[in-house]
Amino acid sequence: MTDTSSTVLYEERGAVALVTLNRPAALNSFDRQMHHDLWAAFDKAEANPVIRAMVLTGAGRGFCAGADLSSFDFTPGADRVARADPGPIIDQAFNPTTRRIQSLRMPIIAAVNGVAAGAGASVAMACDIAIASPQASFIQAFSKIGLIPDAGSSWLLVERLGLARAMALTFTGDKLPAQQAKEWGVIWEVAEDSVAAAMAMAERLAVMPTKALVTSRALLQGATTRSLSEHLDLERDTQSTMGRTHDYFEGVQAFLEKRPAQFKGE
């Protein structure tokens, strides 16, 4: 039975884990507990070999509004600067969350059901694929409170959009509607029911060669940090590693036998 009081809900639907940020009254903004509950959901999915894809969404009308600013201590006092410092929560919570998303042993798809603001936009972009509902939007809200993009946004924005668009969105904090986010390359698709569309994509990926997918993720993520020559060598070495997997032999055999492959994700 699902514990609806948790800040993160976890449900297994066949080979797909559905993970829902569950602080709808606060637009699913992150407090420390929600980070820990999200990591626990990731642990649960990774510990179950049946789970081979994940969908991450938000409860209520928002996906995630970033950090819960009400959890910061701004009360007057000599140590207010230290108490209100966002650096520790970034180091201890937001950065680990982004790193966990990008290193999961399975594909993860964001179903952006509403606003994704601040670090909420970072989380959506950190996922392998993002599908948004028509009413969803992405907001770099940091400049509105005197901060810079964090949780990976200052890197992910440039990678997805190029410097000109990344700079303007960061400076202005303007809302990027879902359809424009698709046209600009922030997300993959816009769908009326983003969760249903993300689940359909996850179910499709869950029967594919999981190791090949997540290994491709790692190659693609680091592509811009290497020269072509370095990358060619890494492709060669990685391909040799993949050539030792069950799914490689099964895929080739199925192709030669003209039948659907039965991948195991191993």
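This report concerns the structure included in the present document. (Residues numbered from 1 in each chain as written. Predicted model: local features only at pLDDT ≥ 70, side-chain atom pairs only at ≥ 80, totals over all residues. Heavy atoms only, no water.)

Taken together, the four strands give an open sheet; going across it, the order is β4-β6-β8-β9, and neighbouring strands pair in mixed fashion. Because the sheet does not close on itself, it has two edges, and the strands there are β4 (62–64) and β9 (175–177). Each neighbouring strand pair of the sheet contributes to a mean axis angle of 20°, computed without reference to strand direction. Both β4 and strand β6 (residues 115–117) contribute to a ladder of two bridges, which runs parallel. For cysteine 64, the partnering residue across the bridge sits in β6 and is alanine 116. Across the sheet, helix α4 (residues 119–126) lies against β4, β6 and β8 (137–139), angled at about 105° from β6, the strand it touches most. (Pairing = 2+ DSSP bridges. Helix = DSSP H or I, 4+ residues; strand = E, 2+ residues; numbered from the N terminus. Axes fitted to C-alpha atoms, helices over the stretch in contact; angles between N-to-C directions. Contact = heavy atoms within 4.5 Å.)

This brings us to the pattern of salt bridges. In this structure the tally under the stated criterion is 13 salt bridges. The shortest N-O distance in the salt bridge between aspartate 43 and arginine 100 comes to 3.1 Å. Here the residue aspartate 43 occupies a position in helix α1 (residues 32–47), and arginine 100 occupies one in helix α3 (residues 87–102), the gap between them amounting to 57 residues. We classify aspartate 43 as partly exposed; its relative accessible area is 43%. Taking the shortest distance from any N to any O, the salt bridge between glutamate 257 and arginine 259 comes out at 2.7 Å. With relative accessibility at 31%, the residue arginine 259 sits in the partly exposed group. Where salt bridges share partners, they join Arg23, Asp31 and Asp68 into one cluster. (Salt bridge = Lys/Arg side-chain N within 4 Å of Asp/Glu carboxyl O. Buried < 20%, exposed > 50% of the residue type's maximum accessible area, 1.4 Å probe, protein only.)

As a general feature of sheets, a regular strand has side chains that alternate between the two faces. Along strand β5 (residues 108–112), five of the five residues are buried, which leaves the element largely enclosed by surrounding structure. Both faces of β5 are covered, namely the face carrying Ile108, Ala110 and Val112 and the face carrying Ile109 and Ala111. The sheet contact formed by strand β3 (residues 53–58) and β5 spans four bridges and is parallel. If you follow methionine 54 over to β5, its bridge partner there is isoleucine 108. Relative to strand β7 (residues 129–132), β5 runs parallel, the two sharing four bridges. Each bridged residue has a counterpart across the sheet, and for valine 112 the counterpart in β7 is alanine 132.

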